[in-house]
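Here is what each chain is made of, one letter per residue.
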Amino acid sequence: MLLTQLTIQEQIDQYSLILYQIEKIRLIRETVLLLPAVRSLYKEYVGARNHETYTHLPK
């Protein structure tokens, strides 16, 4: 159905839904782009934690 055949309120609802979907896609994309950074930070944290654990053990 063409947007011109809809009432103004229906058009607003359609545009709002489209904007909401675009925002969801943007947030998902940002999250995916952040995953490698989060993964490397987690590896650094685990590595540092393991290093602290092993360096404090009596030899």
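Residues numbered from 1 in each chain as written. Predicted model: local features only at pLDDT ≥ 70, side-chain atom pairs only at ≥ 80, totals over all residues. Heavy atoms only, no water.

Enquirer: Hey, could you run me through the overall build of the protein in this one?
Expert: Along its length, the protein carries one helix and zero strands. The proportion of buried residues among the 59 residues of the protein is 3%. In the structure as shown, the protein presents an accessible area of about 5800 Å², 65% of it carried by carbon and sulfur atoms. (Helix = DSSP H or I, 4+ residues; strand = E, 2+ residues; numbered from the N terminus. Buried < 20%, exposed > 50% of the residue type's maximum accessible area, 1.4 Å probe, protein only. Areas by Shrake-Rupley, 256 points an atom, 1.4 Å probe, with all protein chains shown as cover.)

Enquirer: Just checking my understanding: could you explain the pattern of salt bridges for this structure?
Expert: Two side chains of opposite charge can pair, provided their charged atoms sit close to one another. If you walk through the whole model with that rule in mind, you get two salt bridges. Salt-bridge contacts for R26 lead to E23; the nearest nitrogen and oxygen are separated by 2.6 Å. Here R26 pairs with E23, and both are found in helix α1 (residues 8-55), just three residues apart, close to one helical turn. The exposure class of R26 is partly exposed, given its relative accessible area of 36%. The residue E30 makes a salt bridge to R26 at a minimum N-O spacing of 2.5 Å. With E30 and R26 both in helix α1 and four residues apart, this pair spans about one turn of that helix. Beyond isolated ion pairs, a larger network of salt bridges with shared partners links E23, R26 and E30. (Salt bridge = Lys/Arg side-chain N within 4 Å of Asp/Glu carboxyl O.)

Enquirer: Just checking my understanding: could you explain a nonpolar patch on the surface for this structure?
Expert: On the surface, Y15, I18, L19 and I22 cluster together into a nonpolar patch covering about 400 Å² of accessible area. Here I22 is to be found in helix α1. (Patch = residues over 30% accessible without salt bridge, like charges linked within 9 Å, V, L, I, M, F, W, Y side chains within 5 Å.)

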